[in-house]
Amino acid sequence: MDDEVVLAGLAPLVSIVARGQNTAESFLHGVIDEICGRRGPQYPDFKENLPLTAFLQMSRACNQLFKTFVREGHAPDDVSSLEGLDPATQQCLQDCLKARQGEIRSALLLKTASIASSTLQDFDWQLKLVMSSDSLVNIRKPIVNVDFTLTEDAGVKNVSVELTKDDLRNMITSLESVNKILVQLKT
């Protein structure tokens with residue numbers, strides 16, 4: 001995380017915290033609402049405290065801070081490692097992060113899972129041995145046919161793929177890599 005960029009964006013938050021903890025917490029919870037797919041903080045609610053450019057800069061910085069902390073597995077108490085923030089601002093950020101860390105994580109996982117519109121329902125495979133072709137008399141090359149049944153918004157879709165031994169090995173390696181990432185996301 002680029003601390004300097006985040007700290008520059010959080011500078012207006014320090015002045016809002018100084019004016020009142022409730023206003024700052026309202027803003028931060030609005031940012032978390034936005035991360036979770038709901039209505040975020042609205043400028044008219046904060047226009048008497050800061051100009052539009054500062055509001056937008058602060059919204060982006062808080063959004064990035066919350067996402068980074070949750071994505072990288074930081075504890076809410078790690079906010080105190082951000083030098084340049086006064087203790088009241090750090091406490092405000094920690095309180096909001098502690099209260100809604102699970103929601104942010106769920107929203108990030110949901111966003112990651114929604115990248116693909118298809119999910120694997122079932123698969124079937126067949127092993128074939130190509131003995132010869134019209135140009136070669138003796139090939140003896142193994143081929144695997146894999147049939148995937150995918151569930152989509154529109155219904156069920158069948159996809160068939162023919163793979164050589166090397167193609168199958170590459171596909172298995174790729175699927176193992178995806179599985180490792182999914183296991184990491186679950187923990």
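Data block above holds the structure.
This one's a predicted model, so the numbers in the text were calculated from it and none came from an experiment.

Q: Got a minute to help me understand the overall build of the protein chain in this structure?
A: Looking only at helices and strands, the protein chain has five helices and three strands in total. Judged by the C-alpha coordinates and their principal axes, the protein chain covers about 85 × 35 × 25 Å. Per-residue burial for the protein chain yields a buried fraction of 30% across its 187 residues. Pairs at least 24 residues apart make up 53% of the contacts formed inside the protein chain by residues separated by at least 6 positions. Accessible surface for the protein chain amounts to roughly 12,000 Å². Of this, 53% is attributable to carbon and sulfur atoms. The protein chain carries 19 positive and 25 negative side-chain charges, and their two centres are separated by 4 Å.

Q: Sorry if this is basic, but what is going on with the pattern of salt bridges here?
A: A pair can form between side chains of opposite charge whenever their charged atoms are brought close. Under the criterion given, the structure shown has six salt bridges. Residue R100 pairs with D33 through a salt bridge whose shortest N-O separation is 2.5 Å. Of this pair, R100 sits in helix α4 (residues 87–113) while D33 is found in helix α2 (residues 21–35), placing the two residues 67 residues apart along the sequence. Given a relative accessible area of 9%, R100 falls into the buried group. Its salt-bridge partner being R169, residue D166 comes within 3.2 Å of it at the nearest N-O pair. With D166 and R169 both in helix α5 (residues 165–186) and three residues apart, the pair spans about one turn of that helix. One salt-bridge network, in which partners are shared between bridges, spans D33, R38, R100 and E103.

Q: In this structure, what is going on with the packing of α4 against α5? I would like to understand it.
A: The relative placement of two packed helices is expressed as an angle between their axes plus a distance between the axes. The contact between α4 and α5 brings their axes to 11 Å, and the two run at 160 degrees. Between α4 and α5, the interaxial angle falls into the category roughly antiparallel. Taken as a pair, α4 and α5 cross one another with a handedness that is left-handed. Between α4 and α5, the residues in contact are R105, L109 and T112 and Q184, L185 and K186, respectively. When grouped by side-chain class, the residues that make up the contact of α4 with α5 number two nonpolar, two polar and two charged.

Q: Would you take a moment to explain the environment of K165 for this structure?
A: Tracing the chain through its elements places K165 in helix α5. For K165, a relative accessible area of 55% corresponds to the exposed category. Taking the C-alpha atoms as reference, K165 lies 7.6 Å from V144; in sequence the two are 21 residues apart.

Q: Please explain the sheet that holds strand β3 (residues 155–163) as it appears in this structure.
A: Adjacent strands of a sheet form backbone hydrogen bonds with each other and so pair up, either parallel or antiparallel. Pairing is antiparallel across the open sheet formed by three strands, whose spatial order is β1-β2-β3. Of all the strands in the sheet, just β1 (119–130) and β3 have a single pairing partner and so form its edges. Averaged over all pairs of adjacent strands, the angle between strand axes in this sheet comes to 15 degrees, irrespective of strand direction. Relative to strand β2 (residues 141–152), β1 is paired through 11 bridges, and the arrangement is antiparallel. Across the sheet, residue L120 finds its bridge partner in β2, namely L150. Strands in contact with α5 are β2 and β3; relative to β3, the strand with the most contacts, it is inclined by about 130 degrees.

Rules and cut-offs
- Residues numbered from 1 in each chain as written.
- Predicted model: local features only at pLDDT ≥ 70, side-chain atom pairs only at ≥ 80, totals over all residues.
- Heavy atoms only, no water.
- Helix = DSSP H or I, 4+ residues; strand = E, 2+ residues; numbered from the N terminus.
- Buried < 20%, exposed > 50% of the residue type's maximum accessible area, 1.4 Å probe, protein only.
- Contact = heavy atoms within 4.5 Å.
- Areas by Shrake-Rupley, 256 points an atom, 1.4 Å probe, with all protein chains shown as cover.
- Lys, Arg positive; Asp, Glu negative; His and termini not counted.
- Charge placed at Lys NZ, Arg CZ, Asp CG, Glu CD.
- Salt bridge = Lys/Arg side-chain N within 4 Å of Asp/Glu carboxyl O.
- Axes fitted to C-alpha atoms, helices over the stretch in contact; angles between N-to-C directions.
- Parallel < 35°, antiparallel > 145°, perpendicular 65-115°, else oblique.
- Left-handed = near helix turned anticlockwise from the far one by under 90°.
- Nonpolar A, V, L, I, M, F, W, Y, C, P; charged D, E, K, R; others polar.
- Pairing = 2+ DSSP bridges.

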